[in-house]
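A structural walkthrough
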Amino acid sequence: MNAAQVSPGSGEIYTETVVHSAPEALLAEAPYQIAIVALDAGGRLTARIEGERVSIGDRVDFVEYRNGVAFFAKRK
Amino acid sequence: MRAVAVVGIGKTPFGAFPNRDLRSLAVEAAENCLADAHVRPSQVDAFHLGNFAGPSFVGQSHLAPYVAASVGVSGVPATRFEAACASSGSAFFHAFSIVAAGICDLVLVVGVEKMTSQPTPRVAEILASAGDLSGEIKAGATFPALFAMIARRHMHQYGTTREHLAAVAVKNHANGAKNPYAHMKKVITVEQALAGKPVADPLTLYDCSLVSDGAAAVLVAPLERAAEFTSKPVRVLGIAQTSDHVALDQKEDITSFPAIRKAGEKAYRMAGFGPADIEFAELHDCFTIAEIIAMEDLGFAGKGEGGPYVAEGRTCPSGEKPVNTSGGLKAKGHPVGATGVAQLCDIVMQIRGEAGELQLRRHSIGLAQNLGGSGATGVVTILGEA
């Protein structure tokens, strides 16, 4: 099992931004939100947020890896 | 260690110059600098080139001898320094080091970047290569996005507002409008800055520095020989270069740049004084939040107090601590590899009393701060009357 297959679990939003001016590869997805997640297991991870927008302090759960990028979603 | 001086400066205007290539910009700045110091190319002992991404922007590698030979400098070490946006600050630090150590006498330091020949999305991609491609950039971060996340956290922890960020842009645009070398000579209002096109929340177009072409050069010499070249030598009173993580998510506290804090402490120690003695500064405002944080890291303002400090007008040319009188990266422009040396040129012009409409009343000790990436390289230089 490589690192990209291990779930980083849950965490809290340390900081976030909604990217409007996207790099070429992500133009079709803009605007999209990215965040630095403070993981419950320790350490921080830069991830994409899917669904509802999040703010600093929000709880988030890992959803899945897509092309090696971790996606998180706001805890309901 | 020998005392070191800047004995010559040279610049090109900053802007978008479709008919100029990298070499011609670098050569123009270098020749202006040699002329300023009345030095022939054959007298130069070493050539340092600060350049971030020439191989990506224009395709040319082996840039230092490529430019040096065109200036007429050959048969000496010619080396390119790359430290993202702190490339030429780093080139200058290493020029200082070899002159201070007595290895070389005359070192010509040139910073250059030719950015506007690439379409904007490609420029963004090249700039992003200064971040961690395996993590933050892969996840969709651009450079504005990294600084947007820094701004969000600073706002959260210290109550910094978008109005504070806008105050940086408004001040630097007002200054740049008076600088004949500036890329953008356009005065803006707080309302305009706040209503700018969103780039990465909370940053708008007016929070971001410009994509520019341009070059700048300085000639470094031992202070004991400075009188051979100029009647107005400027002494390097303190200097340091430091490093830190490239990836933002590896840093403990993103509301500060530890590389800048440490470089500032070391430079102050070398100079034998502290922030209160700095009369003016050129700070690395690649994004408005970066100027606010740099002021805090360098001790101009308390932690978290940088925003109000700017908004109260204390860093305007008429304030107690003028910052980015040149217009900064925001308005003067940010040809990445040229920025560090261009800051030094602007400080030297102030110290010599040659800054024209931008000339400050108190101008004997100035500080330049050059930041690489989102804080992985820091260079702080304190210059003063010799």
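Structure report, in brief. No experiment lies behind these values; they were computed from the predicted model shown.

Moving on: the overall build of chain B. On a plain count of helices and strands, chain B comes out with 13 helices and 11 strands. Against the 2.2 N^0.38 benchmark of 21 Å for 386 residues, chain B shows a C-alpha radius of gyration of 19 Å, consistent with a compact globule. Counting only C-alpha atoms, chain B reaches 55 × 45 × 35 Å along its principal axes. Taking all 386 residues of chain B together, the buried fraction comes to 62%. Counting only contacts in chain B whose residues sit at least 6 apart along the sequence, the fraction spanning at least 24 positions is 78%. About 12800 Å² of surface is accessible on chain B, with carbon and sulfur atoms providing 51% of the total. In chain B, which carries 33 positive and 37 negative side-chain charges, the distance between the mean positions of the two groups comes to 2 Å.

A pair of packed helices is characterised by two quantities: the angle between their axes and the separation of those axes. Residues and elements named next belong to chain B. Remark: helix α4 (residues 87-100) packs on helix α13 (residues 339-352), axes separated minimally by 5 Å, with the N-to-C direction vectors making an angle of 65 degrees. When the axes of α4 and α13 are compared, the pair comes out roughly perpendicular. Side by side, α4 and α13 meet where Ser88, Gly89 and Phe92 of the first sit next to Thr339, Gly340, Val341 and Leu344 of the second. For the contact of α4 with α13, the residue count by class is three nonpolar, four polar and no charged.

One frequently used descriptor of interface size is the decrease in accessible area upon assembly of the parts. At the junction of the two partners, chain B supplies 25 residues and chain A supplies 24 residues. Between chain B and chain A, roughly 2100 Å² of surface is buried when both sides are summed, and carbon and sulfur atoms account for 59% of that area. Three residues stand out in chain B for area buried against chain A, namely Ala139, Met149 and Asp249 of chain B, and they jointly supply 27% of the buried area on that side. Between the two partners, chain B and chain A, sit one salt bridge. Close ionic contact of Arg152 of chain B with Glu16 of chain A constitutes a salt bridge, the shortest N to O distance being 2.7 Å.

Moving on to the pattern of salt bridges. Residues and elements named next belong to chain B. In the structure shown here, the tally under the stated rule is 26 salt bridges over all chains. Asp105 is the salt-bridge partner of Arg2, the closest N and O atoms lying 2.9 Å from each other. On the criterion of sequence distance, the pair formed by Arg2 in the segment before β1 (4-11) and Asp105 in the loop between α4 and β4 (107-113) is long-range, its members being 103 residues apart. As a salt-bridge pair, Arg314 and Glu312 come within 3.1 Å of each other at their nearest N and O atoms. What you see here is one network of salt bridges that share partners, running through Arg2, Asp105, Glu224, Arg225 and Glu228.

Below, the discussion takes up the sheet that holds strand β2 (residues 46-50) of chain B. Each strand in a sheet pairs with its neighbour through backbone hydrogen bonds, running either in the same direction (parallel) or in the opposite one (antiparallel). Residues and elements named next belong to chain B. If you walk across this open sheet you meet the nine strands as β3-β2-β4-β7-β1-β8-β11-β10-β9, and the pairing is mixed. Whereas interior strands pair on both sides, the edge strands pair on one side only; in this sheet they are β3 (78-81) and β9 (280-282). Strand-to-strand twist across the sheet, computed as the mean angle between neighbouring axes with direction ignored, equals 25 degrees. Taken together, the seven bridges between β4 and strand β7 (residues 214-222) define a ladder with antiparallel strand orientation.

In this section: the pairing of β2 of chain B. Residue and element names in this part refer to chain B. The buried fraction of β2 is high, at five of five residues. Burial along β2 is two-sided: the face carrying Ala46, His48 and Gly50 and the face carrying Phe47 and Leu49 are both buried. The pairing of β2 with β4 spans five bridges and is parallel. In the strand pairing of β4, Leu49 is matched with Val110.

Moving on to the nonpolar core. A general trend in soluble globular proteins is that nonpolar side chains are found buried together. Residues and elements named next belong to chain B. Formed by 69 residues in total, the largest nonpolar core has its most connected members in Phe147, Leu283, Phe300, Leu367 and Ile382. Ranked by the residues each element gives to this core, the list is headed by helix α6 (residues 143-158), at nine residues. Residues within four places of Ile382 in sequence aside, it is in contact with Arg235, Val236, Leu237, Gly238, Ala267, Tyr268, Ala271, Phe273, Ile278, Ile365, Gly366 and Leu367.

All right, on to the environment of Ser243 of chain B then. Residue and element names in this part refer to chain B. Mapped onto the fold, Ser243 is located in strand β8 (residues 234-243). Remark: the alpha-carbon pair of Ser243 and Gly384, spanning 141 residues in sequence, is separated by 25 Å. Among all residues touching Ser243, those that are not within four sequence positions of it are Ala259 and Ala376.

We now examine the environment of Val168 of chain B. Note on placement: Val168 of chain B falls in helix α7 (residues 162-176). Setting aside residues no more than four positions away along its own chain, Val168 of chain B makes contact with Thr288, Glu291, Ile292 and Val310 of chain B.

Attention now moves to the pairing of strand β11 (residues 377-385) of chain B. Residue and element names in this part refer to chain B. By the criterion of burial, β11 is predominantly enclosed, with eight of the nine residues buried. Direction of pairing for strand β10 (residues 365-372) relative to β11: antiparallel, over a ladder of eight bridges. Opposite Leu371, over in β11, you have Gly378 as the bridge partner. Here β10 hands over to β11 after four residues, with Gly373 in that stretch at a positive phi of 60 degrees.

Rules used in this analysis
- Residues numbered from 1 in each chain as written.
- Chains lettered and ligands numbered in written order.
- Predicted model: local features only at pLDDT ≥ 70, side-chain atom pairs only at ≥ 80, totals over all residues.
- Heavy atoms only, no water.
- Helix = DSSP H or I, 4+ residues; strand = E, 2+ residues; numbered from the N terminus.
- Rg over C-alpha atoms; globule rule 2.2 N^0.38 Å.
- Buried < 20%, exposed > 50% of the residue type's maximum accessible area, 1.4 Å probe, protein only.
- Contact = heavy atoms within 4.5 Å.
- Areas by Shrake-Rupley, 256 points an atom, 1.4 Å probe, with all protein chains shown as cover.
- Lys, Arg positive; Asp, Glu negative; His and termini not counted.
- Charge placed at Lys NZ, Arg CZ, Asp CG, Glu CD.
- Axes fitted to C-alpha atoms, helices over the stretch in contact; angles between N-to-C directions.
- Parallel < 35°, antiparallel > 145°, perpendicular 65-115°, else oblique.
- Nonpolar A, V, L, I, M, F, W, Y, C, P; charged D, E, K, R; others polar.
- Buried area = accessible area lost by both parts, 1.4 Å probe.
- Salt bridge = Lys/Arg side-chain N within 4 Å of Asp/Glu carboxyl O.
- Pairing = 2+ DSSP bridges.
- Core = buried A, V, L, I, M, F, W, Y, C linked by side-chain atoms within 4.5 Å.

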